Amino acid sequence: MWKDFKEFAMEGNVLDLAVGVIIGAAFGKIVSSLVDSIIMPLLSIFTSENNVSNWSYTIGGAEIMYGDFLQSIIDFFIIAFSIFIFIRLLMKFKRHKDEEVEEVTAEEALLTEIRDLLRQQNQS
């Protein structure tokens, strides 16, 4: 059982997931700081408040705190957009890296063909 767990824990997918969670948490803090320090103060120009989380509406004796909900929606969309941009940039860099690796000169192609022919001759 320990051996099975060790194999599972040491697989690349589990380690990649752990790194992704850690980076995601750090990225979440960066985006939260962006929202709290830059975006919400800019929105306060239009709303005259720096934070919409204290907005509420009273019906009878019940106070509906819809500001927290709105603040969560704003945070979600900003975080989702930031992650979208970040992943898009990573994929762009990855494509450039893959394109550089795949470039094969005519000489390399010819040498590869010669190597393959020599292997076939040696196996016969």
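Residues numbered from 1 in each chain as written. Predicted model: local features only at pLDDT ≥ 70, side-chain atom pairs only at ≥ 80, totals over all residues. Heavy atoms only, no water.

1. Section: the packing of aromatic side chains
Rules: Pairing of aromatic side chains here covers Phe, Tyr and the six-membered ring of Trp, requires ring centres within 6.5 Å, and sorts the geometry by plane angle: under 30 degrees stacked, over 60 edge-to-face, intermediate tilted. Helix and strand definitions follow DSSP, with helices as H or I runs of at least four residues and strands as E runs of at least two, each counted in order from the N terminus.
The final tally for this structure, using the stated rule, is three aromatic pairs. Ring centres of Trp55 and Tyr66 lie 6.3 Å apart, and the angle between their planes is 55°; on these two criteria the pair is classed as tilted. Note that Trp55 is positioned in the loop between helix H2 (12-47) and strand E1 (57-59) and Tyr66 in helix H3 (residues 66-102), a separation of 11 residues in sequence.

2. Comments concerning the nonpolar core
Put simply, the rule reads: Definition of nonpolar core: a set of buried residues of the types Ala, Val, Leu, Ile, Met, Phe, Trp, Tyr and Cys, connected through side-chain atoms within 4.5 Å. Accessibility here uses a 1.4 Å probe with only protein chains present; expressed as a share of the type maximum, an area under 20% marks a residue as buried, one over 50% as exposed, and anything in between as partly exposed. Note on contacts: a residue pair qualifies if any of its non-hydrogen atoms lie within 4.5 Å across the two residues.
Among the nonpolar cores identified, the biggest contains six residues, and these are Phe27, Val31, Val35, Met40, Val52 and Ile78. In terms of residue count, H2 provides more of this core than any other element does, four residues in total. Those residues in contact with Ile78 that lie beyond four places of it in its chain are Val31, Leu34, Val35 and Ile39.

3. Overview of the side chain of Ser82
As for its placement among the helices and strands, Ser82 is situated in helix H3. Sequence-distant contacts of Ser82, that is, excluding residues within four places in its chain, are made with Phe27 and Val31.

4. Structural notes on the side chain of Gln71
Checked against the element boundaries, Gln71 lands in helix H3. Excluding residues within four positions of it along the chain, Gln71 makes contact with Val35, Met40, Asn51, Val52 and Ser53.

5. Details of a nonpolar patch on the surface
Applicable threshold: Patch membership needs two things, relative accessible area over 30% and no salt bridge, and members are linked within 9 Å if like-charged or within 5 Å if nonpolar (Val, Leu, Ile, Met, Phe, Trp, Tyr). Note that accessible areas follow from Shrake-Rupley with a 1.4 Å probe, and for residues the cover is restricted to the protein chains shown. A pair is scored as a salt bridge if a Lys or Arg side-chain nitrogen falls within 4 Å of a carboxyl oxygen belonging to Asp or Glu.
A cluster of nonpolar side chains, contributed by Leu34, Ile38, Leu42, Leu43, Ile45 and Phe46, occupies part of the molecular surface with about 610 Å² of accessible area. Here Leu43 shows up in helix H2. When its relative accessible area of 31% is taken as the criterion, Leu43 is described as partly exposed.

Without other data, these values stay purely geometric and don't point to any function.
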